[in-house]
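Single-letter residue listing:
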Amino acid sequence: MTDMTDHPLLMPDARTKARNAAERRFRAYGLTAITLALAALVWLLVSIFSAGLPAFKQTFITFPVTLDAATLDKSGKLDPVEMAKVTTIGYGKLIDKAFAAEIEAKGIAHEVKPKELGDMISEQAGASLRDMVLANPALVGQTIQFQALANGRIDGYFKGRVTMETASRDKNTSPEKLALADKLRDAGVIAVKLNPGFLTMSDASDKRPEAAGLGVAILGSLYMVVIVLCLALPIGVAASVYLEEFAPKNTFTDIIEVNIANLAAVPSIVYGILGLAIFINFAGLPQSAPIVGGLVLTLMTLPRIIIPTRAALKAVPPSIRDAALGVGASKLQTVTHHVLPLAAPGILTGTIIGLAQALGESAPLLLIGMVAFVKDFPGLPPQGLFDPAAALPVQIYNWTQRGDPGFVERASGAIIVLLVFLVVMNAAAIYLRRKYERRW
Amino acid sequence: MSVIEMKLEREVAAETIKIQARKVQVHYGTNHALKDVDVDILSKNVTAFIGPSGCGKSTFLRCLNRMNDTVASAKVSGSILLDGADIYDPRVDPVQLRAKVGMVFQKPNPFPKSIYDNVAYGPKIHGLTRSKAELDEVVESCLRKAALWNEVKDRLQSPGTGLSGGQQQRLCIARAIATSPEVLLMDEPCSALDPIATAQVEELIDELRSQFSVVIVTHSMQQAARVSQRTAFFHLGHLVEYGETGTIFTNPKDPRTESYITGRIG
Ligand SMILES: Nc1ncnc2c1ncn2[C@@H]1O[C@H](COP(=O)(O)OP(=O)(O)O)[C@@H](O)[C@H]1O
Ligand SMILES: [Mg+2]
């Protein structure tokens, strides 16, 4: 074998070495950037999920309650009007009594003052029991196994938010109550369970984070997204098709084009001001209503649908239009039979992403009063669209403003719900794009 | 009028004139692309347009079915009569015209739909058939005329875009003849095809002549010589010479035609 070490091919020259080094450096930069981005994402997700997942579980206290006819139905006629006169407080007293009796029956020793035992149960419990009885008056006189929400502090204790140490400084609870809670858990009276109420119940007042749910916010957001879909998709597609396929190319359409691009970049809060001025002050629509939110979000979403739709229409090869026109299709037939179906995946993707943005938007909704505390569910559409409602992102904002730490957990849980909706929508967009992507 | 021209005139009159173009001018903005073109296209003949690229062959072809209407900057003047009626008359609907004057494009452009739907599309939108069975028949006969039936009869529902280039072009021809046009315009239909597919399409053009007037743009003089009865030579927007294909190729009158045919301009 001859020695090949000084063969020119085996010895890269200085230029090649420098080029290779530059390439390696560039790769390193890219890798670093991606690693940083991923780390930030993981950090974000971990913090949201660790703070928010507990919101999907709740501490419940289960014990028998005797629905005493003497207090609940004084007339003895099961008359709904008469029965409704018994207030939530009346039911609360009944519950407190039954709870104390249960502790005694189980023979659990504790150092909680008898008067304060009821504080371990959520103030919501009385209202829940009252609703239950009024919905089914036949229950009066029976003894039922009642599942009450535990007070937020007890719930926080089992979730690690509250400790003996913090409880000793907290006027809303005490270490003695926590000790009793531990014993009740061992006795099977208190349990931490999945909490569907987080998704179905409405918002609750500052003192009872344990009872706060996303029901109204989810329904409000759903109403608004449906309004946006029903208005922005047809208007956006019609506008895009007209501009792309029919409109003459002149200065006027150029100006429109520039303006659409600008509108997509307008901060969303500006749309809120616009909505306040037009829909509420001028048109006289109610505040906090999904119809107003939906209209404002429609305005905001329109340019965000028009831009990708026009791009999708532009991407359809002109040869397809020639082919259709060549066999005598009219302009409109060419568009509806050939161009739109080919552009559909792009249009759908753009629409879903526009909807996802609308779903996550909070600033314009704050301005039209959707940040109000809404306890009652909006009715069914179409009237329900005019009832006050909340929206997911605004509910998150709202909960982060509340004092009780229970609401921080609620807010993080709501962020998870919102993220899940957004991920599902984006996944649907990707799926549709993959599925209907055509080659021509 | 010279004796030769008068003789030509009489011959033309003997065969029926399908399309008569007089003083056709086309401007694309400020670009004067077609200047004073006079042509008589005969029925049941293949007419070839030849000439160096950019000389206006496609432009003229696209005037014949008003496809130039879709180009915003194009302005057409002069008169083009189809069976004696001016196709640029404001009362003429270009959509109706295009069903009578079909077109096949340079690049095969089947719809991204099934083979069946490609052919059935024209008859469907023009309401030419009354039942599914009738439509099936039209599709089959068009695919047969386009010499494609045997290759695709077992996969009519598979996408037209999945065919080979030559098959796609024949599918486009089938699609064009499905509206029973009277004139078929073809803009370099073989330029994207291999020699075998080209031969098939050329054979097909010869058969189509029995039913349609065919106008074909080609950059291949051999192709013009093989398939056409009449040839028009365009140069820089002018129609330089038009006549029987044999005469143009063996005995061109204009020196520009001669230099093009002998390969000196191209
Ligand atoms: N859509 C168009 N817009 C503007 N100019 C065009 C267009 N189509 C063709 N032209 C111009 O018209 C002239 C003739 O083009 P064309 O008819 O395509 O030539 P050929 O088909 O003979 O190669 C060329 O100068 C070309 O640049
Ligand atoms: Mg051309």
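Everything numeric in this text was worked out from a predicted model, so none of it was measured.

A look at the interface of chain B and chain A
- Each partner contributes residues to the interface: chain B has 21 residues there, and chain A has 16 residues.
- Regarding the contact of chain B and chain A, the summed buried area is about 1600 Å², with carbon and sulfur atoms giving 63% of it.
- Summed over the three residues of chain B that lose the most area to chain A, namely B:Phe111, B:Pro112 and B:Tyr121, the buried surface amounts to 31% of that side.
- Viewed at the interface, chain A and chain B are joined by 0 salt bridges.
- Linking chain B with chain A are 5 residue pairs in polar contact (both at pLDDT 80 or more), by the criterion used here.
- Elements represented by at least two residues in the side of chain B that touches chain A include exactly α3 (94-100), β6 (101-104) and α4 (115-126) of chain B.
- Counted by class, the side of chain B that touches chain A contains 11 nonpolar, 5 polar and 5 charged residues.

Focus: the UniProt feature "domain: ABC transmembrane type-1" (unreviewed entry) in chain A
- Mapped onto the present numbering, the UniProt feature "domain: ABC transmembrane type-1" (unreviewed entry) falls at residues 218-429 of chain A.
- Taken end to end, residues 218-429 of chain A is 76% helix and 0% strand, and its two terminal C-alpha atoms sit 21 Å from one another.

With respect to the pattern of salt bridges
- Per the stated rule, a full pass over the model turns up 33 salt bridges over all chains.
- Across the pair B:Asp117 and B:Lys124 runs a salt bridge whose closest N-O atoms are separated by 3.9 Å.
- Owing to a relative accessible area of 27%, B:Asp117 belongs among the partly exposed residues under this scheme.
- Classification of B:Lys124 by relative accessible area gives partly exposed; the value is 49%.
- The residue B:Glu202 makes a salt bridge to B:Arg226 at a minimum N-O spacing of 2.6 Å. Residue B:Glu202 is found in helix α8 (residues 195-208), and its partner B:Arg226 is found in helix α9 (residues 221-227); the two are separated by 24 residues along the sequence.
- On the basis of relative accessible area, B:Arg226 is assigned to the exposed category, the value being 53%.
- One salt-bridge network, held together by shared partners, links A:Asp155, A:Lys159, A:Arg161, A:Glu409 and A:Arg410.

A few points about the nonpolar core
- Counting residues in hydrophobic clusters, the biggest one holds 58 residues, and the most contacted among them are A:Leu214, A:Ile291, A:Val292, A:Leu297, A:Leu365, A:Ile368 and A:Trp399.
- Only α10 (215-246), α12 (268-282), α13 (290-315), α15 (331-359), α17 (392-400) and α18 (405-436) of chain A provide two or more residues apiece to this core.
- When residues of this core are sorted by domain, at least three fall in each of domain 1 (53-195) and domain 2 (215-436) of chain A.
- The residues contacting A:Ile291, other than those within four sequence positions of it, are A:Ile227, A:Leu385 and A:Phe386.
- Membership of the second largest hydrophobic core comes to 45 residues, among which are B:Val139, B:Ala176, B:Ile205 and B:Phe212.

Let's talk about the packing of α15(A) against α18(A)
Residues and elements named next belong to chain A.
- In the contact formed by α15 and α18, the axes pass within 8 Å of each other and the chain directions differ by 175 degrees. In terms of orientation, α15 and α18 fall into the roughly antiparallel class. Contacts from Pro345, Leu348, Thr349, Ile352, Ile353, Leu355, Ala356 and Leu359 in α15 reach Leu418, Phe421, Leu422, Met425, Asn426, Ala428, Ala429, Leu432, Arg433 and Tyr436 in α18.
- Across the contact of α15 with α18, the residue classes tally to 15 nonpolar, 2 polar and 1 charged.

Notes on the sheet that holds strand β3 (residues 190-194) of chain A
Residue and element names in this part refer to chain A.
- Ordered in space as β2-β1-β3, the 3 strands form an open sheet in which the pairing is antiparallel. If you trace the sheet from one side to the other, it starts and ends with β2 (143-149) and β3, each paired once. Across the sheet, the mean angle from the axis of one strand to that of its neighbour is 40 degrees, orientation sign disregarded.
- Here helix α5 (residues 124-135) sits on the sheet in contact with β1 (57-66) and β2, set at roughly 140 degrees to β2.

So, the site of ligand 1
Residues and elements named next belong to chain B.
- Taken together, Tyr28, Asn31, Ala33, Ser53, Gly54, Cys55, Gly56, Lys57, Ser58, Thr59 and Val71 make up the full set of residues near ligand 1.
- Within the contact set of ligand 1, an oxygen atom lies 3.4 Å away from a side-chain nitrogen or oxygen of Asn31.
- Contacts to ligand 1 include Thr59, whose side-chain N or O atom sits 2.5 Å from an oxygen atom.
- Compared with its free state, where it exposes 550 Å², ligand 1 has 62% of that area covered by protein.
- Those elements that place two or more of their residues in the shell around ligand 1 are β2 (31-42) and α2 (57-64).
- Per element, the largest residue contribution to the shell around ligand 1 is 3 residues, and it comes from α2.
- Of the residues assigned to the shell around ligand 1, the class counts are 4 nonpolar, 6 polar and 1 charged.

About the cut-offs
Residues numbered from 1 in each chain as written. Chains lettered and ligands numbered in written order. Predicted model: local features only at pLDDT ≥ 70, side-chain atom pairs only at ≥ 80, totals over all residues. Heavy atoms only, no water. Contact = heavy atoms within 4.5 Å. Buried area = accessible area lost by both parts, 1.4 Å probe. Salt bridge = Lys/Arg side-chain N within 4 Å of Asp/Glu carboxyl O. Polar contact = N/O pair within 3.5 Å; in protein donor to acceptor, adjacent residues only side chain to side chain. Helix = DSSP H or I, 4+ residues; strand = E, 2+ residues; numbered from the N terminus. Nonpolar A, V, L, I, M, F, W, Y, C, P; charged D, E, K, R; others polar. UniProt positions renumbered as here; feature names shortened; annotations may be inferred. Buried < 20%, exposed > 50% of the residue type's maximum accessible area, 1.4 Å probe, protein only. Core = buried A, V, L, I, M, F, W, Y, C linked by side-chain atoms within 4.5 Å. Domains from an automatic or database assignment. Axes fitted to C-alpha atoms, helices over the stretch in contact; angles between N-to-C directions. Parallel < 35°, antiparallel > 145°, perpendicular 65-115°, else oblique. Pairing = 2+ DSSP bridges. Near = heavy atom within 4 Å. Areas by Shrake-Rupley, 256 points an atom, 1.4 Å probe, with all protein chains shown as cover.

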